[in-house]
Each structure stands twice: as C-alpha cells, then as structure tokens.
Amino acid sequence: MKFETIMNRINAGLSGDSSRDIPYLMQQAETYKDHTHGTEVLNSISQQIYAMLPEDQKAQWDQAVQGEQSVVKRVMQEVQPHLIDRDYQQAAELLENLVAQIEGSGLYTDDESSVWYSFDNFLEDMLYRELYHPEREVRYTPDDYADVYFVYGNLLFEMGRREEAEAALLKASRWNPMRVDVLYALGEFHKQRRQWPEFYAITVKGMERAWQTEYLTRGYRNLGYYFIEQGDYELATALFFLSLGFEPDNQAAQAELGYLARLTEGKVIPPTLERLSELFEQNQIQMGPNPMVVQMAISIGNEAAQEGALDAAVYFYSIAWELTGNEEIKAQMDALAAGGLV
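Residues numbered from 1 in each chain as written. Predicted model: local features only at pLDDT ≥ 70, side-chain atom pairs only at ≥ 80, totals over all residues. Heavy atoms only, no water.

Caption draft 1: Representation of the overall build of the chain in the model. For the chain, the count of helices and strands is 17 helices and two strands. In the chain, buried positions account for 46% of the 342 residues. Sequence separation of at least 24 residues holds for 62% of the intrachain contacts in the chain that already meet a minimum separation of 6. Of the roughly 17,400 Å² of accessible surface on the chain, 49% is carried by carbon and sulfur atoms. (Helix = DSSP H or I, 4+ residues; strand = E, 2+ residues; numbered from the N terminus. Buried < 20%, exposed > 50% of the residue type's maximum accessible area, 1.4 Å probe, protein only. Contact = heavy atoms within 4.5 Å. Areas by Shrake-Rupley, 256 points an atom, 1.4 Å probe, with all protein chains shown as cover.)

The structure is reproduced here in structure tokens:
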C-alpha cells in the first residue's frame, strides 16, 4: 500500500473533533509503525496532531494521551503474575480499577458517525466489514479493551462470580465481535443453562470467524456436544472424529467418543468422507474453514508481499496454511521466509 493511500485512508476517519481525532491518530500511528512507509506515516500523523492542539495545551495533552495508552498495558502486565499464582483477589482489584478507568474515561464512545473496536489484526477488521457491512466509520482503540474484559471475565468465572463474568465477556465481545475465544466462552454459559439453540447459534458464529485451527476444532466439539443432546449420535460421532483430524491428540474429543461408545454400545465408527459430507450438507454444517477467511488471509498476504512487508506476508499466509494445509500457500511462505519472491 502506497504512503498516499495510507494517509487517504487515515484522513477519511477524521471527524473534525480534536478530542476524538487525536486518540484516533495515535492509534493509527501504532498500527502503521512497522509498515514499510512507517516513518513517513508517523511523521505525517505527528504533524497533524501538533496542528490540532492549542499552544497552551500541547504538552499537557500529550502527557495525558500517553498515560491513557500506557496504563492498560502496564496493568495487564501486573495482573499476569497474580493469575499464575492464583492470587485472584489481587488480580481482581487491579482489573476492577482498570475497568473503572476505561469506563470512566469518556474516550472511544460510539456516536452517529463512528464506532470503536479493538480488533487483534487486519484480518479481523476485514472479516467484520464483510460480515456486518458497517455504515458508520470504524475506528480502533489504542489498547486492547476486548482482552481486558476477556481476562477479567475469565477471572470472575474462576472466582465463582458467574453473572459478573458473563457481563464482562459480553463487553469483550462488544469491543471485538470477531474474537472466537470470547464467543465460545459465552457459549459455555448457554451450555451450563442447557440453552441449546443459543449454544448452537454462538458456536456457528464462532466457526464462521475462526482463523485458527484450535477455534475450528473447538467449534466441531461444541457441535458434537449439541448433537449428543439432540440424540443424533451418528452426527456427533462424525463431528468429534473430524475434530481429531485437525487435532489428533485432543483429549476432550477422545473422551466424548468414549462416552458415545458407551451410549451406543460400541457403535462408534469413523465416517467415510462421503458420509461426512452428506451429514454436514443435510445439517448445514461448515466443512473445514470458512473459505472467506482463507481467501482474506491470502489476499492480505499478497498485498503485504507486494509492499515488501515480508514478515506480515508470512504471518497471513501462515494463517491460510494452518487452516488448509495447501502446499501452494506453504511454498509462498517458504519463498518469502527465505527472502525470495512469490
């Protein structure tokens, strides 16, 4: 992507309100800092921020914005040792204070013209646009608010505060509706409440977005649990075997197949590919990764390779390779990793 194209895209997201545009521009600077045109982009953004500020507020505003950006990363780093040591109370206090700061800051609030998200990468951004066709301008928080709420929600769950945990995870999903692990975590609440239609729907949503194999295989296992409850043991068996095709050593899938063997008195047989296809077609189940996800990962990799951003290209090709095992994609990855051309 050319420097002019990048700046046109960035400038299209400006609102004219400096209190919103300055954090937005700082986030864009973070996004493009490692780009091949990163130095030019950062210089241009710095000039724009400077021009927006009154003389008597420049130093003060700069310190305030830097503090807002750094506090999230600092607290999340402080929380990790407490989680490892299972010092949940101390971790909860840190996260509760951080959440209060986020929600009390007044920054990154949706309005009639824009909406804010915390996507993990450009692939999630593109998937969101393809699935939701947003009419408002999509903007990005400088810190990963979705992860803050995800970690907080899991912590609350471990502490037995289930309602608060679910509320936190819903906020995580609001900040990043593409995060599959968040969707599956929310699905566990439906599973525990035996809300099977809701459990099925959120699992399908997760699989549609899955850009990692582990997300895809967990989706198949979730559907396997669902169809056991529906009494369709043949389809449940097929789903768990397909899951093992991606993750042969997955103990959860192996345990469920053992349970099915007891339910069916040993009638657990790996399905043929033809029967698997029939079952999935009859029940409208996604076979393998969503082709849209694979194609987007390849497209982003191609664009990055053309721009000379080889690390980024290899990263997005690796996503497509992991999902498909396609040898042509692997060859492109290897050529780039070796410094060659695609």
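Caption draft 2: Seen up close, the packing of aromatic side chains. Summed over the entire model, instances satisfying the criterion amount to 17 aromatic pairs. Centre to centre, the rings of Tyr 225 and Phe 240 are 5.6 Å apart; their planes meet at 55°, and the pair counts as tilted. Pair noted here: Tyr 225 is in helix α11 (residues 213–229) and Phe 240 is in helix α12 (residues 233–246), with a separation of 15 residues, a long-range link. Here the two residues Tyr 225 and Phe 240 agree in accessibility, since each one is buried. Cluster of aromatic residues (ring-pair linked, three or more members): Tyr 117, Phe 119, Tyr 128, Tyr 132 and Tyr 140. In this arrangement the basic side chain of Arg 162 is found over the ring face of Phe 157, its NZ or CZ atom lying 4.0 Å from the centre. Lying over the aromatic face of Tyr 225, Lys 191 brings its terminal NZ or CZ to 3.8 Å of the ring centre. (Phe/Tyr/Trp six-rings, centres within 6.5 Å; stacked < 30°, edge-to-face > 60°. Lys NZ or Arg CZ within 6 Å of the ring centre and 35° of its normal.)

Caption draft 3: Geometry of the pairing of strand β1 (residues 114–117). Along β1, one buried face is formed by Ser 114 and Trp 116 and the opposite face, lined by Val 115 and Tyr 117, is buried too. Strand direction decides the pairing type here: β1 and strand β2 (residues 137–140), joined by four bridges, are parallel. Residue pairing for β2: Tyr 117 is matched across the bridge by Tyr 140. Read from β1 through helix α6 (residues 122–132) to β2, the crossover connection turns out right-handed. (Pairing = 2+ DSSP bridges. Right-handed = clockwise from strand over helix to strand, strands pointing away.)

Caption draft 4: How the structure looks around the environment of Leu 170. Secondary-structure assignment places Leu 170 in helix α8 (residues 162–175). Assessed through its relative accessible area of 49%, Leu 170 is described here as partly exposed.

Caption draft 5: Spotlight on helix α15 (residues 291–306). Across its 16 residues, α15 extends 23 Å between first and last C-alpha, which sits within 8% of the 22 Å expected from 1.5 Å per residue. Residues Val 293, Val 294, Met 296, Ala 297, Ile 298, Ile 300, Gly 301, Ala 304 and Ala 305 constitute the buried set of α15. Put simply, Asn 290 is the residue that caps the front of α15, since its side-chain oxygen is 3.0 Å from the backbone nitrogen of Met 292. One or two positions beyond α15, positive phi appears at Gly 308, with a value near 85°. (Expected span 1.5 Å × (residues − 1). Polar contact = N/O pair within 3.5 Å; in protein donor to acceptor, adjacent residues only side chain to side chain.)

Caption draft 6: A look at helix α2 (residues 18–32). Taking 1.5 Å of rise per residue, 15 residues should cover 21 Å, and α2 covers 20 Å from first to last C-alpha, within 8% of that figure. Across the 15 residues that make up α2, a large majority, 11, are buried. Of the positions making up α2, those classed as buried are Arg 20, Asp 21, Ile 22, Pro 23, Tyr 24, Leu 25, Met 26, Gln 27, Gln 28, Ala 29 and Tyr 32.

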